[in-house]
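# Observations on the model geometry
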Amino acid sequence: MSEISDQLIPWQKKFGRNNLPWQETINPYLIWISEVMLQQTQVKTVLPYYQKFITTFPNVKTLAMAHDDSVMRLWSGLGYYARARNLHASAKIIDSKFQGKFPTMFTDLLSLPGIGRSTAGAICSLAFNQKTPILDGNVKRVFTRVYGVKDWAGVTSVEKRLWEIAEKNLPETKFGKYNQALMDLGATVCIKNKPICLKCPINKSCKSFLYNWTDIIPAPKPKKEKLTKVSYFYIFQCESKFLFSKKPKKGIWGGLWSFLEFNEMLNVKQWVSKNLKTNNFSLLEKGVMTIVFTHYKLQMHYQHIELRDLKSQEIFPSGSWHDKGEIENGAYPTPVKKILKKFM
Ligand code: SF4
């Protein structure tokens, strides 16, 4: 065993997070769902989504057979929607190419949409006890601190070095337990601010502890001013129904229902008369909401428009009218639900 794994495995048994639902199983499907949900999302946010998801789709088959909308509905509010689309696409591939059997080979897992090296490593080690390293955000933080890596981990050469470190510290047995211990240490002891070094089982091997570098490692991502994209959203309401269009699969909110969106401000009167064949409407509240994504900001200018002509609900072919009762639990992005709440 490496010095680190020697300390970490017994520590995990005693002090690790042994009660999370995905830690009580070696079912690769359940581990996969949890690993994907936990990318960029905290455990406490993931828990209710995970429970609902695996109750509705308890195995690969049920997920593969599901309708896009049902998958997106269960993901609504969790963000980073490409994760849900990739899970769904991968389930279909497992169902067709692997005859519904969850792949056990690292390279097969890596070939599936949305499964990178760390996720494949986590599934192989946790479900099949294979000797595969992991390097998620928590584990990167642990290794950069232990080895005193002062450069930002997003640089390719630094990431390459961290993978080498991850490889070389793998034990000779108990690969799943060891990887779980690393994740637990990063999540509960080697936390971002004020790590609890005095309670850390590997503090004697840790350069950041010895040289007091925990405030400067890991190095933050270099700041870059985010671009702002401006879009115009029109919220058409007719009685208790609102008009939506489905976002294309690629891009933000892919596969979810959103308001009609335009790059430029509309001449509403002309647009409504041409597309919804009525002049019987009122312009209501306007507003602006700014959403910050990983690479840019979206400034959403929105306007609520009330149509009084019921015919409008039958006319517009590329949209879909949804009753307000359907919206709370439907496949809509969180900002769309937030804006709608003002008008319901
Ligand atoms: S000693 Fe501190 S900085 Fe080093 S790994 Fe442990 S918690 Fe992290």
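Structure: see above.
A brief look at the structure comes next. None of these values were measured; they are calculated from a predicted model.

### Side note on helix 3 (residues 43–56)
Taking 1.5 Å of rise per residue, the 14 residues of helix 3 would be expected to cover 20 Å, and the 20 Å separating its terminal C-alpha atoms lies within 8% of that figure. Along helix 3, the helix axis deviates most sharply at Y49, where the bend reaches about 25°. By the burial criterion, the buried members of helix 3 are V46, Y50, F53 and I54. Along its buried surface, helix 3 packs onto helix 2 (28–38), helix 4 (60–65), helix 5 (68–75) and helix 6 (82–97).

### Focus: the layout of surface pockets
Of the voids in this model, the second largest pocket is the one considered here, and its volume is about 410 Å³. Surrounding the second largest pocket, 18 residues form its lining, Q12, Q23, G176, K177 and Q180 being those nearest its centre. Among the elements of the structure, helix 1 (3–15), helix 8 (117–128) and helix 11 (175–188) are those that each provide at least two residues to the lining of the second largest pocket. Sort the elements by how many residues they give to the lining of the second largest pocket and helix 1 lands first, with four residues.

### Concerning the site of the ligand
By nearness alone, every residue bordering the ligand is listed as R145, V146, V189, C190, P195, C197, C200, N203, C206, F209 and T214. Using a 2 Å cut-off from the grid points, one finds that the ligand occupies the largest cavity. Of the residues in the shell around the ligand, the class split is eight nonpolar, two polar and one charged.

### A word on helix 8
An ideal rise of 1.5 Å per residue puts 16 Å on twelve residues; helix 8 measures up with 16 Å between its terminal C-alpha atoms. Most of helix 8 is tucked away: ten of the twelve residues are buried. Of all the residues in helix 8, the buried ones are S118, T119, A120, G121, A122, I123, C124, S125, L126 and A127. As for helix 8, its buried residues are in contact with helix 2, helix 7 (106–110), helix 10 (156–168) and helix 11.

### Considerations on empty space enclosed by the protein
Taken as a whole and assessed by the stated rule, the structure comprises one cavity of 30 Å³ or more. One number sums up the size of the largest cavity: a volume of about 100 Å³. Together, 15 residues line the largest cavity, and R145, C190, C197, C200 and C206 are the ones closest to its centre. If one sorts the elements of the lining of the largest cavity by residue count, helix 9 (residues 137–146) sits on top with three residues. Of the residues that constitute the lining of the largest cavity, the class distribution is twelve nonpolar, two polar and one charged.

### Examining the environment of I252
Considering the arrangement of structural elements, one finds I252 in the loop between strand 2 (241–246) and strand 3 (257–258). Overall, I252 belongs to the partly exposed group, its relative accessible area being 25%. Separated by 173 residues in the primary sequence, I252 and G79 have C-alpha atoms spaced 9.6 Å apart.

### Examining the packing of helix 3 against helix 5
Working note: a packed helix pair is described by the angle between its axes plus the distance between those axes. Two numbers describe how helix 3 lies on helix 5: the axes approach to 9 Å, and their chain directions differ by 160°. Between helix 3 and helix 5, the crossing angle belongs to the class labelled roughly antiparallel. Crossing angle aside, the handedness with which helix 3 passes helix 5 is right-handed. Residues Y49, K52, F53 and T56 of helix 3 lie in contact with helix 5, whose contacting residues are V71, L74 and W75. For the contact of helix 3 with helix 5, the residue count by class is five nonpolar, one polar and one charged.

### Quick word on the environment of M265
Looking at where M265 falls in the secondary structure, it is placed in the loop between strand 4 (260–262) and helix 13 (268–275). The exposed category is assigned to M265, whose relative accessible area is 56%. A C-alpha to C-alpha distance of 28 Å links M265 and S76, two positions 189 residues apart in sequence. Residues within four places of M265 in sequence aside, it is in contact with Y232 and Y234.

The rules behind each value
Residues numbered from 1 in each chain as written. Predicted model: local features only at pLDDT ≥ 70, side-chain atom pairs only at ≥ 80, totals over all residues. Heavy atoms only, no water. Helix = DSSP H or I, 4+ residues; strand = E, 2+ residues; numbered from the N terminus. Expected span 1.5 Å × (residues − 1). Bend = angle between axes of the 7 residues up to and from the residue. Buried < 20%, exposed > 50% of the residue type's maximum accessible area, 1.4 Å probe, protein only. Contact = heavy atoms within 4.5 Å. 1 Å grid on protein atoms, 1.4 Å probe; cavity = no way out; pocket = protein on both sides within 12 Å on 5 of 7 lines; lining within 4 Å. Points joined across faces, edges and corners; volume = space filled by probe spheres on them. Near = heavy atom within 4 Å. Sits in = over half its atoms within 2 Å of the grid points. Nonpolar A, V, L, I, M, F, W, Y, C, P; charged D, E, K, R; others polar. Axes fitted to C-alpha atoms, helices over the stretch in contact; angles between N-to-C directions. Parallel < 35°, antiparallel > 145°, perpendicular 65-115°, else oblique. Left-handed = near helix turned anticlockwise from the far one by under 90°.

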